[in-house]
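# Structure at a glance
What follows is the residue order along each chain.
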Amino acid sequence: MAFEDIAGQDPVVKRLRVATEKDHLPSGLIFYGIDGVGKKKTAYELARSLNCLGADPSCSCDSCVKIAHESHPDVLFIEPDGQYIKVDQVEPLIEHAMLRPFEGKKRIYIIDRAECIREETASRFLKTLEEPPLFAHFILLTAGLPSVLPTIRSRCGLFHFSELTPLMVEKLLVDRFDFGSDEARRRAALSGGSLGRSLSLEEQDFAYYAETSAWLDRSLLMGEMTPGELVAMILKEGTKTKIDLPDLQSRIDLMMEMVHDGMMGTRKLPGHFSGITETFDLYIRLLQARALISGNVAPEMVLEELLIHSDKEPLGKWTETFIRPLSWA
Ligand SMILES: [Zn+2]
């Protein structure tokens, strides 16, 4: 493992390296971006490079080996116990942070799903985050930056992890996970820019997208579908009860592909889209929705933007039908 192995996050890696070299690394860091793009891996790599006893990136010193096995006493990983990160999870960690490192040079605390820290827990934690011992760093990971408490956000350096391109996901699946090129391409297409998601896709997911696509083709051929209906159709929940940003993004990608094909004349779009202006307008809105996803706003906000602005007619009933049953990851 080395920084070189972290795919698609060059700007973040560069910032971290420069900060480490100049000894300017913030005590609190927030790594944010959709799930499955390398936040946790980068956190561990940072912990490794800060504690390594050698100089070689492919080092196998005692410290590097322990961190690779997640058994280093100075590198701790915490995730929500149930729905939240609880006070009694954070308190021992605050005491721990005051001690000199047991073995390494730095103490690193990696806190996953930082959006699950509530006020009660944060209040115990803020002072340490503000005036931490020199040898401690807190790395907070989140796919929902807007939900991280502002009091925490304002005390941390922010590092944005981008979605990967489908081509990048495809290449990683072939090179590192031994997928055949056809299977890798199929998975990359529905990955929504997340390597993690591409790996977790199941046959039912592929079936869902194939079904949606076929249904849409049939409906479009039969005629009347408003832009709002089209949006709602693509975003419609199948058997799943949760939707997250990668999921939303792959749906929007699918829809953009359809609209694009419509503009190119290789797919028939419904009557409402006969004018190039309407079609182009929808395409632009989809692009904007994608930009919102990249900015890591809450998925419900992306949907709201998309639904509210995607039809001249009131979209109340569509919002009712498609937003209400969803719960958000
Ligand atoms: Zn080492």
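Residues numbered from 1 in each chain as written. Predicted model: local features only at pLDDT ≥ 70, side-chain atom pairs only at ≥ 80, totals over all residues. Heavy atoms only, no water.

### Concerning the environment of Val-174
With respect to the element layout, Val-174 can be found in helix H7 (residues 166-177). In sequence terms Val-174 and Arg-185 are eleven residues apart; their C-alpha atoms lie 9.2 Å from each other. Sequence-distant contacts of Val-174, that is, excluding residues within four places in its chain, are made with Phe-179, Gly-180, Ser-181 and Ala-184. (Helix = DSSP H or I, 4+ residues; strand = E, 2+ residues; numbered from the N terminus. Contact = heavy atoms within 4.5 Å.)

### Here we look at the pairing of strand E3 (residues 107-111)
For E3, a buried count of five out of five residues is recorded, marking the element as mostly surrounded by other parts of the structure. As judged from the four bridges shared by strand E2 (residues 75-78) and E3, these two strands associate in the parallel manner. Among the inter-strand pairings, Val-75 is bridged to a residue of E3, identified as Ile-108. Crossover E2 to E3 through helix H4 (residues 87-98) is right-handed. With five bridges joining them, E3 and strand E4 (residues 136-142) adopt parallel strand pairing. (Buried < 20%, exposed > 50% of the residue type's maximum accessible area, 1.4 Å probe, protein only. Pairing = 2+ DSSP bridges. Right-handed = clockwise from strand over helix to strand, strands pointing away.)

### Some details on the confidence of the model for the protein chain
Overall, the prediction assigns the protein chain a mean pLDDT of 79, with 74% of residues at 70 or greater. In the model, residues 237-242 has pLDDT below 50 throughout and makes 13 contacts with residues more than four positions away in sequence or in other chains. Of the regions scoring below 50 in pLDDT, residues 310-329 engages in 37 contacts with residues more than four places distant in sequence or in other chains. (pLDDT = per-residue confidence, 0-100.)

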